[in-house]
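Residues per chain are reported as follows:
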Amino acid sequence: QVQLRESGGGLVQPGESLRLSCTASGRTFGGNDAVGWFRQAPGKEREFVAAIRYIYDSPWYGDPAKGRFSISRDNNQNTVYLQMNRLKPEDTAVYYCALTAVDSGLENGNNYNYWGQGTQVTVSS
């Protein structure tokens, strides 16, 4: 059974950085897999942050991530990372990673089959 586990969240001050990790068990990332990052703040809808498709090693970013976040992978560790720089209070949310094998629609969380439990990111002074 595929399980995803996020780590790396925490409390940081505005302008600081965090790196989130998404590690899979029961499945080796590869082929047509795409791993996405989403976030959900209290009282708000889930929001697409970034995704990476393994077959092309191509990243795709949502509006919250452009210019500040980057997504990458480590095949040896079976892990996908989300590097978040210049964090803002509005980045505060629970961040989830998810796995899909569909060819398109990476921004749509409904296209993902597996989800992690999430990791809390809080940006506050």
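For the structure itself, consult the block above.
About the thresholds
Within every chain, residues take consecutive numbers counted from 1 along the sequence as written. Since the coordinates come from a predicted model, pLDDT governs what is reported: local features require at least 70, and pairs of side-chain atoms require 80 or more to be given and counted, while whole-chain, interface and lining totals use all residues. To get the side-chain values, take all heavy atoms of the structure and skip hydrogens and water. Aromatic pairs are defined between Phe, Tyr and Trp rings, using the six-membered ring for Trp, whenever the two ring centres lie within 6.5 Å; interplanar angles under 30 degrees are classed as stacked, those over 60 as edge-to-face, and all others as tilted. Only Lys NZ and Arg CZ are tested; either one counts as a charge over a ring when it is within 6 Å of the ring centre and within 35 degrees of the ring normal. In this description, the term disulfide denotes a pair of cysteine sulfurs within 2.5 Å. Under the DSSP-based scheme used, a helix requires at least four consecutive residues in state H or I and a strand at least two consecutive residues in state E, with every element numbered from the N terminus. Each residue is assigned to one of three classes by its accessible area relative to the maximum for its type, calculated with a 1.4 Å probe on protein chains only: buried under 20%, partly exposed between the two thresholds, exposed over 50%. We call two residues in contact when some of their heavy atoms are within 4.5 Å. Definition used for salt bridges: Asp or Glu carboxyl oxygen within 4 Å of a side-chain nitrogen of Lys or Arg. What we call a nonpolar core is a set of buried Ala, Val, Leu, Ile, Met, Phe, Trp, Tyr and Cys residues that are connected through their side-chain atoms within 4.5 Å.

Draft legend 1. Representation of the packing of aromatic side chains in the model. Applying the stated criterion to the full structure yields six aromatic pairs. Through successive ring pairs, a cluster of aromatic residues spans F38, F48, Y96, Y112 and W115. If you follow R19 out to its NZ or CZ, it ends over the ring of Y81, 4.0 Å from the centre. Between the NZ or CZ atom of R46 and the centre of the ring of F38, over which it lies, the distance is 5.8 Å.

Draft legend 2. Representation of the state of the cysteines within the structure. On inspection of all chains with the given rule, the structure shows one disulfide. Each disulfide pairs two cysteine sulfurs, and for C22 the partner residue is C97, the sulfurs being separated by 2.1 Å. Taking the sign of the torsion about the S-S bond as the criterion, the disulfide between C22 and C97, at about 70°, is right-handed. Separated by 75 residues along the polypeptide, C22 in strand β3 (residues 18-25) and C97 in strand β9 (residues 93-100) bring together distant segments of the chain. By the burial criterion, C22 is buried, and C97 matches it.

Draft legend 3. The arrangement of the environment of S72 in detail. Relative to the assigned elements, S72 resides in strand β7 (residues 69-74). When the C-alpha positions of S72 and N113 are compared, they lie 20 Å apart, and in sequence the two are 41 residues distant. Beyond its immediate stretch of four places on either side in the chain, S72 contacts I52, T79, V80 and Y81.

Draft legend 4. Representation of the pattern of salt bridges within the structure. Applying the stated criterion across every chain yields a total of five salt bridges. Note that R39 is salt-bridged to D91, the shortest N-O span being 2.9 Å. Of this pair, R39 sits in strand β4 (residues 34-40) while D91 sits in the loop between β8 (79-84) and β9; the two residues are 52 residues apart in sequence, bridging distant segments of the chain. For D91, a relative accessible area of 1% corresponds to the buried category. The partner of D91 in a salt bridge is R68, with the nearest N and O atoms 2.7 Å apart.

Draft legend 5. Structural context of the nonpolar core. In terms of nonpolar packing, the biggest core is built from 28 residues, with W37, L82, M84 and Y95 touching the most fellow members. Only β3, β4, β5 (47-53), β7, β8, β9 and β11 (119-123) provide two or more residues apiece to this core. Look past the residues within four positions of Y95 in its chain and what remains in contact with it is E6, L20, W37, F38, R39, V49, F69, L82, M84, G118, T119 and V121. Within the second largest apolar cluster, seven residues are counted, among which are A34, F48, A98 and Y112.

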